[in-house]
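This is what each chain is made of:
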Amino acid sequence: MTSLELPSPYRLRELDCVDSTNAEAKRLAETGCEDFTLVWAKRQTAGRGRRGREWISGDGNLFFSIVLRLPYPMAAMTQLSFVAANAVADAISVAAPKGAFVNVKWPNDVLLEGKKIAGILLEGESDPKTNGFKWLVVGVGVNIASHPPAEDTETPATSLAGAGVSGAGLDVEALLDALAKRFLAGLVTWRNLGFGPIRRHWLMRAKGLGGAVTVRLPRETLHGLFAALDENGALVLHMDDQPNRLITAGDVFIGNPGSKLI
Ligand code: BTN
């Protein structure tokens, strides 16, 4: 067991091994666990990524999920993914080698030196009575000790170790501690001041803003410019031949068609 003590109101549930911390957090949420239950597992055997993909969960990496139980409005799903991305990016920029570039990529990937180091998966149970969520699960995976090889991922991945961090710099608990605290601070800001400051913080690190992007949607692939992030967190895509499109879900690749994509 760890000696890690997370600040109130977190309730830490520490596991040696689980299928997926998001799956476990959802099971706990459904059986009425407390708000701010944080499920942390040292190993994950069936880590899940966005859009039904696998999250390759190497040993020595960080996997955790937070259950939020208050009634949250529908917009919270998107907005809290930005709160989480900011927390992850801030914690990684402290842990990364001095001067290394840390960016966020729409909607909520975190990149170290242009390669994906962390992913965030939000899932929720909607409540028809309130038109909001009964609970939300915020799942975070950070590659610390290892990352998947290029042939196993669509875009290049990295880890703290892969970027040259060693020894105490690879401490999983220390990163969980830093990240949980930063997420809590971001959540308080979001509750008190709304999405504005979260959006501005995210934009300071945004990868590809103003540049060419390819957006892959279930039925079409669009090429255009990442013109802006709107006030709800949607990507504003500018295309020469048609009106701007608001992208609220999809895969975004940074770069011109035909170039090496991130
Ligand atoms: C993505 O970029 O596709 C999101 C990846 C999210 C991975 C984390 S690891 C901890 C939590 N448990 C899961 O099964 N997924 C999330």
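Preceding this section is the structure that the text describes.
Since this is a predicted model, take the numbers as computed values, not measurements.

Digging into the environment of Arg-27
Line of reasoning, step 1. By the secondary structure assignment, Arg-27 is in helix 1 (residues 21–30).
Line of reasoning, step 2. On the basis of relative accessible area, Arg-27 is assigned to the partly exposed category, the value being 37%.
Line of reasoning, step 3. Other than its neighbours up to four places away in sequence, Arg-27 contacts Val-18 and Asp-19.
Line of reasoning, step 4. Polar contacts involving the side chain of Arg-27 include one to the side chain of Glu-24, which spans 2.8 Å.

Focus: the sheet that holds strand 10 (residues 221–229)
Pairing between sheet strands relies on hydrogen bonds along the backbone, with the strands arranged either parallel or antiparallel.
Line of reasoning, step 1. The 5 strands are arranged 12-11-10-9-13 in an open sheet whose pairing can be described as antiparallel. Of all the strands in the sheet, the pair left with one neighbour each is strand 12 (242–247) and strand 13 (251–254). Adjacent strand axes in the sheet meet at a mean angle of 40 degrees, parallel and antiparallel pairs treated alike.

Things to note about the packing of aromatic side chains
Line of reasoning, step 1. Under the defined criterion, the tally for this structure stands at 4 aromatic pairs.
Line of reasoning, step 2. Ring plane angle 75 degrees and centroid distance 5.6 Å describe the contact between Phe-82 and Phe-195, whose orientation is recorded as edge-to-face. On the criterion of sequence distance, the pair formed by Phe-82 in helix 2 (residues 76–95) and Phe-195 in the loop between helix 3 (172–193) and helix 4 (196–204) is long-range, its members being 113 residues apart. Accessibility classification places Phe-82 together with Phe-195 in one group, the buried group.
Line of reasoning, step 3. Three or more aromatic residues joined by ring pairs form one cluster here, namely Phe-82, Phe-195 and Trp-202.
Line of reasoning, step 4. Lying over the aromatic face of Trp-40, Lys-42 brings its terminal NZ or CZ to 5.0 Å of the ring centre.
Line of reasoning, step 5. Just above the ring of Phe-253 sits the side chain of Lys-105; from NZ or CZ to the centre is 5.7 Å.

Basis of the calculations
Residues numbered from 1 in each chain as written. Predicted model: local features only at pLDDT ≥ 70, side-chain atom pairs only at ≥ 80, totals over all residues. Heavy atoms only, no water. Helix = DSSP H or I, 4+ residues; strand = E, 2+ residues; numbered from the N terminus. Buried < 20%, exposed > 50% of the residue type's maximum accessible area, 1.4 Å probe, protein only. Contact = heavy atoms within 4.5 Å. Polar contact = N/O pair within 3.5 Å; in protein donor to acceptor, adjacent residues only side chain to side chain. Pairing = 2+ DSSP bridges. Axes fitted to C-alpha atoms, helices over the stretch in contact; angles between N-to-C directions. Phe/Tyr/Trp six-rings, centres within 6.5 Å; stacked < 30°, edge-to-face > 60°. Lys NZ or Arg CZ within 6 Å of the ring centre and 35° of its normal.

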